[in-house]
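Overview (structure and organization)
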Amino acid sequence: EDQVTQSPEALRLQEGESSSLNCSYTVSGLRGLFWYRQDPGKGPEFLFTLYSAGEEKEKERLKATLTKKESFLHITAPKPEDSATYLCAVQGQDGDYKLSFGAGTTVTVRA
Amino acid sequence: GAGVSQSPSNKVTEKGKDVELRCDPISGHTALYWYRQSLGQGLEFLIYFQGNSAPDKSGLPSDRFSAERTGGSVSTLTIQRTQQEDSAVYLCASSKGPTGELFFGEGSRLTVL
């Protein structure tokens, strides 16, 4: 069974204070690793897909990286609008297409 | 808009009643997923539909839960004889295929009293 563990559970940052979120995963062959952002009362919003170790993706102040065991989401010089819960998910190669999600990291950025 | 639409947005029911939750996916999306999110918890997979293939029902927690997708479009998740532990936000998502890039609706919040 695919497993995803995210840390920390919560992160409080000052505006401009860069930091990283961790996503550790166990999967029998990785089809893809995904990052989503979820605002309160909303459904998750897709951010990135990573397929293989060494791959990196960037979007504005966010950069996602991938190794064979974990992924990091780096937030550079965050702004209050970056406050959200960030979810990591994996899709395995074992024939089904469901995504297994972690519990998320809730990021709060203070002005 | 052209996003995933879910209804109702909120549902309060009494223990033992049946409920139906509806999902209208993005037009042209062949894959449709149902997930459940309890307070402070991650997303729990329930069921997956892809085109005309048999659905993956491996995440349904009990035989009180069922789902169907008519005409490859609209989906209904039915919970029979609701229990208090069924209280959660039920999220629907669609995608162009089994890509992992899911478009989620805003969810249906179910409260069982």
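Residues numbered from 1 in each chain as written. Chains lettered and ligands numbered in written order. Predicted model: local features only at pLDDT ≥ 70, side-chain atom pairs only at ≥ 80, totals over all residues. Heavy atoms only, no water.

Evaluated as defined, the whole model comprises eight salt bridges over all chains. For E106 of chain B, the salt bridge identified is with K42 of chain A, shortest N-O distance 3.1 Å. Taken as a pair, E106 of chain B in the loop between β9 (103-104) and β10 (108-112) and K42 of chain A in the loop between β4 (30-38) and β5 (45-50) lie in two separate chains rather than in one. Here R64 of chain B ties to D86 of chain B by a salt bridge, and the two come within 2.8 Å at their closest N and O atoms. Taken together, the residues span a long stretch of sequence, with R64 of chain B in the loop between β5 (43-50) and β6 (65-69) and D86 of chain B in the loop between β7 (75-79) and β8 (88-95) at a distance of 22 residues. Its relative accessible area of 12% is what places R64 of chain B among the buried residues. Residue classification places D86 of chain B among the buried residues on the basis of a relative accessible area of 2%. (Salt bridge = Lys/Arg side-chain N within 4 Å of Asp/Glu carboxyl O. Helix = DSSP H or I, 4+ residues; strand = E, 2+ residues; numbered from the N terminus. Buried < 20%, exposed > 50% of the residue type's maximum accessible area, 1.4 Å probe, protein only.)

Residues and elements named next belong to chain A. Tallied over the full model, the rule gives two disulfides over all chains. Disulfide pairing places C23 opposite C88 at an S-S distance of 2.0 Å. Taking the sign of the S-S torsion, -65° for the link of C23 and C88, the bridge is left-handed. Here C23, found in strand β3 (residues 19-26), pairs with C88, found in strand β9 (residues 84-92); they are 65 residues apart in sequence, far enough to count as distant. (Disulfide = S-S within 2.5 Å.)

Let us now look at the sheet that holds strand β1 (residues 5-7) of chain B. Residues and elements named next belong to chain B. Taken together, four strands build an open sheet; the order of strands is β1-β3-β7-β6 and the sheet is antiparallel. The outermost strands of the open sheet, each flanked by one partner alone, are β1 and β6. Neighbouring strand axes in the sheet, compared pairwise and without regard to direction, differ in orientation by 15° on average. Note: β1 against strand β3 (residues 19-24), three bridges, orientation antiparallel. When the bridges of β3 are listed, S5 appears paired with D24. (Pairing = 2+ DSSP bridges. Axes fitted to C-alpha atoms, helices over the stretch in contact; angles between N-to-C directions.)

Residue and element names in this part refer to chain B. Among the eight residues of β8, eight are classified as buried, and the element is accordingly described as predominantly covered. Here seven bridges tie strand β4 (residues 31-37) to β8, and the two strands are oriented antiparallel to one another. Within the sheet, the bridge partner assigned to A31 lies in β8 and is S95. Examined bridge by bridge, β8 and β10 share three bridges and lie antiparallel to one another. Paired with V89 across the bridge in β10 is R109. Where β8 lies against β9, two bridges are found, and the strand directions are antiparallel. Note on β9: the bridge partner recorded for A93 is F104.

Bringing the interface of chain A and chain B into the picture now. With 17 residues of chain A in contact, the opposing surface of chain B contributes 18 residues. The largest contributions to the chain A side of the interface with chain B come from Y97, K98 and F101 of chain A, which together make up 32% of the buried area. On inspection of chain A and its partner chain B, the count reaches six residue pairs in polar contact (both at pLDDT 80 or more). A total of three residues in the side of chain A that touches chain B trace back to one element, the largest contributor, which is β4 of chain A. The residue inventory of the side of chain A that touches chain B, partitioned by class, reads nine nonpolar, five polar and three charged. (Contact = heavy atoms within 4.5 Å. Buried area = accessible area lost by both parts, 1.4 Å probe. Polar contact = N/O pair within 3.5 Å; in protein donor to acceptor, adjacent residues only side chain to side chain. Nonpolar A, V, L, I, M, F, W, Y, C, P; charged D, E, K, R; others polar.)

In short, geometric facts, not functional conclusions.
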